[in-house]
Amino acid sequence: MPSKLNPYSLLIFMSFLITSEIKAQPFIDLLQARYVYSPHTGDVPKDKHSTELNYLNIGATIPFQFKNKQDALLLSPFFERWESKVDSSPDYNSYHYGLVLPISFVKTIAHSNWSLLATGIVRMNDAVIDSKSKWQVGGLLLANYHANPKVTYKFGFYANGEFFGLFLIPLVGIDWKINEKNNLFGVLPASMNYEHQLTRRFYAGFCFRTFTNSYHDSEGNYWRIDENQLGLFTDNYVGKRFVINLEGGYSLFRKIRTGSYHDVTYNWNAENNFYFKCMLAYRIRLR
């Protein structure tokens with residue numbers, strides 16, 4: 001059975017992650033809050049609608065280590081809120097919320113270079129959060145091949161019961177410690193990150209990430225957003241653990257659609273534009 005880590009055993013958990021080589025990135029954010037704002041700027045093409053997006057995410061990572069010190073359980077609950085404004089008219093404003101609980105099990109395959117990550121995800125995605133809000137269930141399976149102490153390759157798939165139908169995509173990723181100051185890590189198509197250490201407490205790099213989510217609305221239909229972001233970021237460490245992350249970039253192939261199951265009733269032809277992100281996190285660096 002797993003046992004909950006208290007604050008004094010975090011270093012043990014970090015050592016476990018490093019020695020078993022199952023780490024998915026060079027750090028773990030135990031607590032984080034981030035805000036993303038994409039304003040309407042400039043002229044809008046005739047085939048597009050002026051679009052403004054606001055996104056808020058507050059989450060945590062709660063690790064549990066098994067007694068064999070080879071396997072682990074991770075709880076990663078988070079809350080999210082989207083605000084979308086299309087055509088700069090109050091008639092097109094909408095809010096959508098998510099309460100999400102991913103539960104991950106990490107298993108090291110004995111006497112091999114492989115480890116497995118299995119995650120089950122329960123989501124409440126709706127225009128309101130109450131007893132009538134609608135739920136989704138999904139998950140992912142990721143196999144990690146540790147080619148050497150610096151490089152891990154990742155293969156798997158993600159599936160979720162979206163309100164527009166089953167969403168199933170293959171996954172491929174890498175965790176590469178290029179050298180003492182450079183890291184490349186991520187799983188596509190979800191995200192990919194390059195990180196460079198400039199000073200002891202200051203990092204910078206570039207990132208790519210995607211969102212595909214659907215939310216139930218009050219009329220029994222769904223609101224779907226496909227957002228793809230390419231940006232530059234800086235991480236400023238305040239003390240040993242707190243991080244202020246600032247990021248700016250541009251959205252690509254943005255789509256906002258509404259509809260019913262297996263049917264799109266309207267495509268809002270959302271405009272691509274700049275975005276800005278600010279995040280505060282309590283972070284443990286693994287390398």
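Source: prediction; values computed, not measured.

(A) Representation of the nonpolar core in the model. Ranked by size, the top nonpolar core spans 15 residues in total, and within it Leu53, Trp82, Trp223, Ile225 and Ile256 carry the most contacts. Setting aside residues up to four positions removed in sequence, Trp223 forms contacts with Trp82, Ser84, Ser94, His96, Asn213, Ser214, Tyr215, Ile256, Arg257 and Thr258. Core analysis: the second largest hydrophobic core is formed by 12 residues, Val100, Leu142, Tyr158 and Leu171 among them.

(B) Examining unusual backbone geometry more closely. Residues Leu188 and Pro189 are joined by a peptide bond in cis, for which omega reads 10°. With respect to the helices, strands and loops of the structure, Pro189 is situated in the loop between strand E12 (182-188) and strand E13 (191-199). Despite not being glycine, Phe253 has its phi angle at roughly 55°, a positive value. Tracing the backbone shows Phe253 in strand E16 (residues 242-260). Residues other than glycine seldom take positive phi values, yet Asn269 does so here, at roughly 50°. Positionally, Asn269 belongs in the loop between strand E17 (263-267) and strand E18 (274-285).

(C) Spatial organisation of the pairing of strand E14 (residues 202-216). By the criterion of burial, E14 is predominantly enclosed, with 11 of the 15 residues buried. Pairing between E13 and E14: 8 bridges, direction antiparallel. Across the sheet, His196 pairs through a bridge with Ala204, a residue of E14. Between the end of E13 and the start of E14, which pair antiparallel, lie 2 residues. With 15 bridges connecting them, E14 and strand E15 (residues 222-238) associate as antiparallel partners. Across the sheet, Thr210 pairs through a bridge with Asn228, a residue of E15. Between the end of E14 and the start of E15, which pair antiparallel, lie 5 residues, with Gly220 showing a positive phi angle near 85°.

Criteria and thresholds
- Within any chain, residue numbers begin from 1 and follow the written order of that chain's sequence.
- The predicted nature of this model means local features are confined to residues of pLDDT at least 70 and side-chain atom pairs, given and counted, to a pLDDT of 80 or more, with totals for whole chains, interfaces and linings taken over all residues.
- Here the side-chain values reflect all heavy atoms present in the structure, with hydrogen atoms and water set aside.
- Among buried residues, the Ala, Val, Leu, Ile, Met, Phe, Trp, Tyr and Cys ones that are joined through side-chain atoms within 4.5 Å form a nonpolar core.
- With a 1.4 Å probe rolled over the protein chains alone, any residue whose accessible area is under 20% of its type maximum counts as buried; one over 50% counts as exposed, and the rest are partly exposed.
- Here a residue-residue contact requires only that any non-hydrogen atoms of the pair lie within 4.5 Å.
- Helix and strand definitions here come from DSSP, where helices need a minimum of 4 consecutive H or I residues and strands a minimum of 2 consecutive E residues; each element is numbered from the N-terminal end.
- Paired strands are those between which DSSP finds at least two bridges.

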